[in-house]
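Listed here are the chains, written in short residue letters.
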Amino acid sequence: MNPMDLLPEKIEHLVHELSVLPFNDMEGTVAGAAVLTNYTFWGIVALVTTILIFTVVARREARRIALAAETGSAAELAPRSRFTSMIEAGVEFIRDMAIDVIGPKDGPKYTAFLGTFFFMILVSNFYGLIPGGKTFAGSIGGTVALALISLLVFVWVGFAKNGFIGYFKSLIPSGVREMSLAGRLALGTYIFVLEFISTFIVRPLTLAVRLFANMYAGHIILGVFAAFTALFWPVLEEGLSWSIGSITVGAVSLVFLVLMYAFEVFVAFIQAYVFTILTAVYIQSSVHASEH
Amino acid sequence: MFIEFAYAAEQAAEHGEEAAEGLAGTLGAVYPNPADIWPTWVAFLILFFVLYKFAFPMIVGMLDKRAAAIKESLEKAEDTRVEAERLLEEYKKQVAEARAEAGKIVDQGRKVAESMKEEIIAKANEESTQIVAKAREAVEAEKKAALAELQASIADVSVAVAGKLLGETLSAEDHAKLIDRYIAEVGSLNDN
Amino acid sequence: MEALVPGLTAIGKGLAYGLAAIGPGVGIGIVGGKALEAMARQPEMAGRVQTTMFIAIAFTEALALLGFVLTFLL
């Protein structure tokens, strides 16, 4: 049997595996009366892990701060465990990003908010890299939910900082606002419509789709290379013909699989970072909306 | 979570079997499934609550406290360094001063000794000259006294001799003149 | 005629995403290259350049992502 004959079946199986399925019945459909989908399940696993990590680290920090206050020695504040230092570095990274992007005055307030996005996506993405695991960012539902939270917050910040009317006014550049009445009507309306679509539709849509597409496409690529390896190495798959050529193709696929895996680890991090920094940028544009 | 599944099921029923297949098929990948949206919101809120209320304040507090402690100890170290440098400078100055002082004292001592020596020598010289002068004076006085005595005795002797020789021929006036002349002669002799 | 539909749909999907990816591909290349140039000229500004670069890439990428969604909608 030619290995290539089995490929469409494999791909279909892969796409099916990656689609949203009820967790308790993997063969069912979305519309089935399931309680938990496969993505939700792994999202909850990631959530529990994240909460556990941060609870442990924060309790450790609290204990050492208390100890330092008690003994009055600054040596208690020195970094001790690698794991804690790693989490601290992550938190500092988020705080520096918030201060850098939003500004030193408003930035620190949003650290926890941005950190929630970052660590939730990051931990979940790493779970998605475990074979059999999923990241909730691999389903469009999960990323849309996050993007909607981002939209809600940056629009709300815009209203709170500039007022309801002021925020919509700020969508039109100040140069246009100083034009004559006709110019304002013509160009202003045009730009307003464009900016409105860009702010309220394109921003959340791209946030959601970027994250989803990167994760989904990444997992498809990994799955395809894995399927190729399995198909061309008949040791793994019964009843398939094999030759020197097919062994070579399987080996090359395996090498690419490993390389792509490494790249996906990088993508898992970079997408969490991009989602967070874009949310920060959108919040910044709302905070300073009246200035441009 | 039951709600959105009920919603999805309802939709599927509304659009028939085909729609349900469409959702799970091609559209499935980009159709936001409500079954994923609600749990994600709940998860986000829970995580946000934990991070905002508990974890981040602790960790950020730790970072800030550590930064403050490091800054403080660095400043303290800088202060200590400056103080140490100042002290070192001071001690160096003191040592230099002490050395200069000692040198001065030695110089002074030498000078004093020098001057003392000179003084002693000068005193000794003076004393010796004084002694010599005194001795000379004494010798002079002795000599004068001896001369005067000699004069007196010579005059007496010569008067007696002359009186014997001339008898009563000489008047008292001539006698005095003669003595004076003789004394002058003797004095001139003495001058030579 | 009916038999052609799946094939033509597949071609259409491929074209939709492929064409949508051309512009952003070139654009992201330009953004990345210029950012690299800027960072090489002023390494002390690397942090800010990187942030701005990510934002610019995100805006450029939006077009490709719309194409990606469109592929599934076809």
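Nothing here was measured: the structure is a model prediction, and the numbers come from that model. (Residues numbered from 1 in each chain as written. Chains lettered and ligands numbered in written order. Predicted model: local features only at pLDDT ≥ 70, side-chain atom pairs only at ≥ 80, totals over all residues. Heavy atoms only, no water.)

### As for the overall build of chain C
Which entries qualify depends on this criterion: Secondary structure elements are defined from DSSP: runs of H or I of at least 4 residues count as helices, runs of E of at least 2 residues count as strands, and each element is numbered from the N terminus. The globule rule used here is 2.2 Å times the number of residues to the 0.38 power, and the radius of gyration it is set against is calculated over C-alpha atoms. In this scheme, a residue with accessible area under 20% of its type's maximum is buried, one over 50% is exposed, and one in between is partly exposed, where area comes from a 1.4 Å probe on protein chains only.
When helices and strands are tallied, chain C shows 2 helices and 0 strands. For 74 residues, the compact-globule estimate of 2.2 N^0.38 gives 11 Å, and chain C exceeds it by more than 25% at 18 Å. Projecting the C-alpha coordinates of chain C onto the three principal axes gives extents of approximately 60 × 15 × 10 Å. Looking at chain C as a whole, 32% of its 74 residues qualify as buried.

### Quick word on the overall build of chain B
Which entries qualify depends on this criterion: The method behind every accessible area is Shrake-Rupley, applied with a 1.4 Å probe, and residues are considered shielded solely by the protein chains displayed.
Each helix and strand in chain B was counted, giving 3 helices and 0 strands. Taken from N to C terminus, the helices and strands of chain B fall in the order α-α-α. Counting every position in chain B, which comprises 192 residues, the buried fraction comes to 17%. Accessible surface for chain B amounts to roughly 14600 Å². Of this, 62% is attributable to carbon and sulfur atoms.

### With respect to the confidence of the model for chain B
Residues and elements named next belong to chain B. What counts is decided by this rule: The predictor's confidence in any single residue is recorded as pLDDT, a number from 0 to 100. The contact rule is simple, with two residues in contact once any of their heavy atoms fall within 4.5 Å.
Residues with a pLDDT of 70 or more make up 80% of chain B, whose mean pLDDT is 81. Within chain B, helix H1 (residues 2-24) has the poorest average pLDDT of any element, 44, and helix H2 (residues 34-166) the best, 90. Scored below 50 in pLDDT, residues 1-24 shows 26 contacts in the model against residues more than four places distant or in partner chains.

### A look at the nonpolar core
Stated formally: Grouping buried Ala, Val, Leu, Ile, Met, Phe, Trp, Tyr and Cys residues that are joined through side-chain atoms within 4.5 Å yields what is termed a nonpolar core.
Grouped together as the largest cluster of nonpolar side chains are 87 residues, with contacts concentrated most on A:Phe54, A:Leu146 and A:Ile283. If you tally residues by element for this core, the top one is helix H9 (residues 244-287) of chain A, at 13 residues. Setting aside residues no more than four positions away along its own chain, A:Leu146 makes contact with A:Phe117, A:Met120, A:Ile121, A:Phe136, A:Phe275, B:Thr40 and B:Phe44.

### Side note on the confidence of the model for chain C
In low-pLDDT regions, the fine details of the predicted coordinates are not to be read closely. For chain C, per-residue confidence averages 88 on the pLDDT scale, and residues scoring 70 or more make up 100% of the total. Across the interfaces of the predicted complex, the ipTM metric reaches 0.84, alongside a pTM of 0.74.

### Quick notes on the interface of chain B and chain A
How big an interface is tends to be stated in terms of the accessible area lost upon association of its parts. Put simply, the rule is: As a working definition, buried area equals the accessible area (1.4 Å probe) given up by two parts on being put together, with both sides summed. Salt bridges are defined by distance alone: a side-chain nitrogen of Lys or Arg within 4 Å of a carboxyl oxygen of Asp or Glu. We define a polar contact as two N or O atoms separated by no more than 3.5 Å, with the added condition that, inside protein, one atom must be a possible hydrogen donor and the other a possible acceptor, whereas residues neighbouring each other in sequence contribute only through side-chain atom pairs. Note that Gly is not counted as nonpolar here; it falls among the polar residues with everything else outside the nonpolar set of Ala, Val, Leu, Ile, Met, Phe, Trp, Tyr, Cys and Pro and the charged set of Asp, Glu, Lys and Arg.
Between chain B and chain A, the residue contacts involve 38 residues of the former and 52 residues of the latter. Buried area between chain B and chain A, both sides added, is near 4100 Å², and the carbon and sulfur share of it is 81%. The shortest N-O distance in the salt bridge between A:Arg95 and B:Asp64 comes to 2.7 Å. At the boundary of chain B with chain A, the tally comes to 4 residue pairs in polar contact (both at pLDDT 80 or more). Those elements that provide at least two residues to the side of chain B that touches chain A are H1 and H2 of chain B. Looking at which element gives the most residues to the side of chain B that touches chain A, the answer is H2(B), with 27 residues. A breakdown of the residues in the side of chain B that touches chain A according to their chemical character gives 31 nonpolar, 3 polar and 4 charged.

### A look at the pattern of salt bridges
Summed over all chains, the structure comprises 12 salt bridges over all chains. Between B:Arg81 and B:Glu85 there is a salt bridge; the shortest N-O distance is 3.0 Å. With B:Arg81 and B:Glu85 both in helix H2 and 4 residues apart, the pair spans about one turn of that helix. Bridged by salt links that share partners, the residues A:Lys105, A:Asp106, A:Lys109 and A:Lys161 form one connected network.

### Regarding the environment of B:Met58
Here B:Met58 shows up in helix H2. Its relative accessible area of 27% is what places B:Met58 among the partly exposed residues. The residues contacting B:Met58, other than those within four sequence positions of it, are A:Ala58, A:Glu61, A:Ala62 and A:Ile65.

### A word on the packing of aromatic side chains
We describe a pair of aromatic rings using the distance from one ring centre to the other and the angle between the two ring planes. All names here are of chain A. Quick reminder of the rule: Stacked, edge-to-face and tilted are the three classes for Phe, Tyr and Trp ring pairs, Trp counted by its six-membered ring, which pair at centre distances within 6.5 Å; planes under 30 degrees apart are stacked, over 60 edge-to-face, the rest tilted.
Inspection of every chain in the model, using the stated rule, returns 37 aromatic pairs over all chains. With centroids separated by 6.0 Å and ring planes inclined at 35°, the aromatic side chains of phenylalanine 192 and phenylalanine 196 adopt a geometry described as tilted. In this pair, phenylalanine 192 and phenylalanine 196 both sit in helix H8 (residues 181-232), 4 residues apart, roughly one turn of the helix. Owing to a relative accessible area of 27%, phenylalanine 192 belongs among the partly exposed residues under this scheme. For phenylalanine 196, a relative accessible area of 31% puts it in the partly exposed group.

### A look at the packing of H8(A) against helix H2 (residues 46-73) of chain C
Note the following rule: Every axis in this analysis is a line fitted to C-alpha atoms, fitted for helices over the stretch in contact. Angles between the N-to-C directions lie between 0 and 180 degrees. Here the angle decides the label: under 35 degrees means roughly parallel, over 145 means roughly antiparallel, 65 to 115 means roughly perpendicular, and every other value means oblique. Put simply, a crossing is left-handed when the front helix is turned counterclockwise from the back one by less than a right angle, and right-handed when it is turned clockwise.
Between H8(A) and H2(C), whose axes approach to 9 Å, the crossing angle comes to 70°. The orientation of H8(A) with respect to H2(C), classified from their angle, is roughly perpendicular. Crossing of H8(A) against H2(C): the hand is left-handed. Contacts from A:Leu205, A:Thr206, A:Val209, A:Arg210, A:Phe212, A:Ala213, A:Asn214 and A:Tyr216 in H8(A) reach C:Ala58, C:Glu61, C:Ala62, C:Leu65, C:Leu66, C:Phe68, C:Val69 and C:Phe72 in H2(C). The residue inventory of the contact of H8(A) with H2(C), partitioned by class, reads 12 nonpolar, 2 polar and 2 charged.

### Notes on the packing of H9(A) against H2(C)
For the pair H9(A) and H2(C), the least separation of the axes is 10 Å and the interaxial angle reads 95°. Classified by the angle between their axes, H9(A) and H2(C) sit roughly perpendicular to one another. Taking contact as the criterion, the partners of A:Ile270, A:Tyr273, A:Val274, A:Ile277, A:Leu278, A:Val281 and A:Tyr282 in H9(A) are, on H2(C), C:Thr51, C:Phe54, C:Ile55, C:Ala58 and C:Phe59. Partitioning the contact of H9(A) with H2(C) into residue classes produces 11 nonpolar, 1 polar and no charged.

### Points about H2(C)
Put simply, the rule is: To estimate the expected span of a helix, count its residues, drop one, and scale the result by 1.5 Å. The angle between axes fitted to the seven residues ending at a residue and the seven residues starting there is what we call the bend at that residue.
In this model H2(C) runs 40 Å from its N-terminal to its C-terminal C-alpha over 28 residues, within 8% of the 40 Å that 1.5 Å per residue would give. The sharpest bend along H2(C) comes to roughly 35°, located at C:Ala62.

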